[in-house]
Each structure stands twice: as structure tokens, then as C-alpha cells.
Amino acid sequence: AQTVTQSQPEMSVQEAETVTLSCTYDTSESDYYLFWYKQPPSRQMILVIRQEAYKQQNATENRFSVNFQKAAKSFSLKISDSQLGDAAMYFCAYRSGERDDKIIFGKGTRLHILP
Amino acid sequence: DAGVIQSPRHEVTEMGQEVTLRCKPISGHNSLFWYRQTMMRGLELLIYFNNNVPIDDSGMPEDRFSAKMPNASFSTLKIQPSEPRDSAVYFCASSDRSNQPQHFGDGTRLSIL
């Protein structure tokens, strides 16, 4: 069975600095998709970024980028120029591309932005 | 696109009462998911449907919980009888093909007194 691990329950970063959130996963599949979701205090679950496993190029969305290391099964999220509005819980997630299946979420990392 | 619509947004009820949470997925999505989120346990998948058929309900905590999806545009999660430990935020999410992310509703905050 696939698993997703986020080893940092909480992190803090100074406003305008860069922070990296870690995520590792375990799978025997070769076709899959990875996502980062953000959950601010408003509790909405917002998709931040997605990565297809077959793509070598790391996905980027404005200040958000990933470091996808397929062999190491690592999928970290980098937030550049951190802003107060980035404060949230961040969830890493995995979805199989081989089966029409559920998404598996990590337990989340709470990110604090220090002014 | 209206997004995933959940109702009610908040529900406060007394222990022992029946609670029904509702979800309207995004039109055209064929998968629907119910989650529960608490501080202690985080985000838990309760059940999910593909093409209105329940695929995996192993996350449903006990027989007091039931979920239905009578058609492609509507699903319910029912708790009967409710207990204080059921207090949580319940999310519904939908997606289409497996290579697509899930889109979440705004959640229902449930408080059982």
C-alpha cells in the first residue's frame, strides 16, 4: 500500500525568506501523481501544485515550486519570498495513475510565517 | 464552475440526534470522497464513490455512519445516533480522472453537544 510521510509537524519562516517542506512517499507504481494542498485558517483545502511522475521537470506555480526526486521518492515544496498569507497547514498527497483510486494524504505540516 | 457544495456549513446538535450532511460534487466528476478532520487524527478518508458506487468504506468509523450517493450530483453522510466524539469538520471532495486532483468543498463543522 502507498504511504505519504511528512516528517515536520510544524515549521516557521521569516517573512520574505524561503522555506522547504518535506514529503516522502512509498509506492511500487511507476505512474502516479503528487500534489500539495494548502489549508489556511479558513479551513478551505486549496490545491497549490501538482506533479506528474512521468515528468522530469519540476512543477512551478509562481512562488511555489517542487523538488521531485523520483528515485528517492521525495517531493518537497519550496515557498519563496514567504508572505503572511502563506501561513497554513500544508498537505502532501499521492494518487495512483494506474488505478482509479483515492488520494493518500500525509499528516500535514503547519507553517508559521514570522513578521 | 460552482465547485463542490456542502451543506450545512455549521451544524450544532445534541447527542443522540440524527445528523445528515450533504454534498453536491462538481458536474462531470465521477469520484466523490468524504473526509473527517480533527486535531487529534488529522484528515481521515471515510468513504469514496466511483460512478455512484461505494468503492472503499473502510474508513467509516462504525455502523452509526452511513453514506449514500443516489445519483451523480448528490451524496449524503448520515450519523445516527450522533455522539460528542463525532464533532469534527467533514469535507466532501470530487474529482474526475485519476490524474486530476480532488476539489474540496468548504466543509461542514459539526458539533455534537
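Preceding this paragraph is the structure being described.
Note that this is a predicted model, so its numbers are computed, not measured.

About the thresholds
Position numbers for residues start from 1 in each chain and track the written sequence from start to end. Chains and ligands are labelled sequentially in the order written, the chains with letters from A and the ligands with numbers from 1. With the structure being a predicted model, the display of local features is reserved for residues of pLDDT at least 70 and the display and counting of side-chain atom pairs for 80 or more, all residues being used for whole-chain, interface and lining totals. Water and hydrogen atoms were dropped before computing side-chain values, which therefore reflect all heavy atoms in the structure. Strands are runs of DSSP state E lasting at least two residues, helices are runs of H or I lasting at least four, and both sets are numbered from the N terminus onward. Buried residues are those whose accessible area, probed at 1.4 Å on protein chains only, stays under 20% of the maximum for their type, while exposed residues exceed 50% and partly exposed ones sit between those limits. Should any heavy atoms of two residues lie within 4.5 Å, those residues are counted as being in contact. In what follows, a disulfide is any cysteine sulfur pair within 2.5 Å. By buried area we mean how much accessible surface two parts lose on assembly, using a 1.4 Å probe and totalling the loss over both. Any Lys or Arg side-chain nitrogen found within 4 Å of a carboxyl oxygen on Asp or Glu counts as a salt bridge. Whenever a nitrogen or oxygen atom comes within 3.5 Å of another N or O atom, the pair is scored as a polar contact, on the condition that within protein one atom can donate a hydrogen and the other can accept it, and that pairs from neighbouring residues in sequence are kept only if both atoms are in side chains. All amino acids are sorted into three groups, where Ala, Val, Leu, Ile, Met, Phe, Trp, Tyr, Cys and Pro are nonpolar, Asp, Glu, Lys and Arg are charged, and the leftover types, Gly among them, are polar.

Draft legend 1. How the structure looks around the overall build of chain A. For chain A, the count of helices and strands is zero helices and twelve strands. When its C-alpha atoms are laid out on the principal axes, chain A stretches across 45 × 25 × 20 Å. Put simply, chain A has 115 residues, and 50% of those count as buried. A sequence separation of at least 24 residues applies to 55% of the contacts in chain A between residues at least 6 apart.

Draft legend 2. Quick peek at the state of the cysteines. Residue and element names in this part refer to chain A. Inspection of the entire model under this criterion finds two disulfides over all chains. Note that C23 is cross-linked by a disulfide to C92, the S-S spacing being 2.0 Å. On the sign convention where negative means left-handed, the S-S torsion of about -70° between C23 and C92 marks this disulfide as left-handed. With C23 in the loop between strand 3 (19-21) and strand 4 (24-26) and C92 in strand 10 (residues 88-96), the pair connects residues that are 69 residues apart, well separated along the chain.

Draft legend 3. Quick peek at the interface of chain A and chain B. Across the contact, 20 residues belong to chain A and 27 residues belong to chain B. Counting each side, the surface lost to burial between chain A and chain B is near 1,900 Å², with a carbon and sulfur contribution of 46%. Summed over the shared surface of chain A and chain B, the result is one salt bridge. Residue B:D56 pairs with A:K102 through a salt bridge whose shortest N-O separation is 3.1 Å. Applying the counting criterion to the chain A and chain B interface returns eight residue pairs in polar contact (both at pLDDT 80 or more). For the side of chain A that touches chain B, the elements supplying multiple residues, two or more each, are strand 5 (32-39), strand 6 (46-52), strand 10 and strand 11 (103-105) of chain A. The element that contributes the greatest number of residues to the side of chain A that touches chain B is strand 5 of chain A, accounting for four residues. Here the side of chain A that touches chain B is composed, by residue class, of eight nonpolar, five polar and seven charged.

Draft legend 4. Spotlight on the pattern of salt bridges. Within this structure, the stated rule accounts for twelve salt bridges over all chains. Put simply, A:D86 and A:R63 hold a salt bridge, and the shortest N to O gap is 2.8 Å. One end of the pair, A:D86, is in the loop between strand 9 (74-79) and strand 10; the other, A:R63, is in the loop between strand 7 (60-61) and strand 8 (64-69), with 23 residues separating them in the sequence. You can call A:D86 buried: its relative accessible area is 3%. A salt bridge links B:D86 to B:R64; its shortest N-O distance comes to 2.7 Å. A residue pair is termed long-range when its members are at least 10 positions apart, and B:D86 in the loop between strand 8 (74-79) and strand 9 (88-95) and B:R64 in the loop between strand 6 (53-56) and strand 7 (65-71) qualify at 22 residues.

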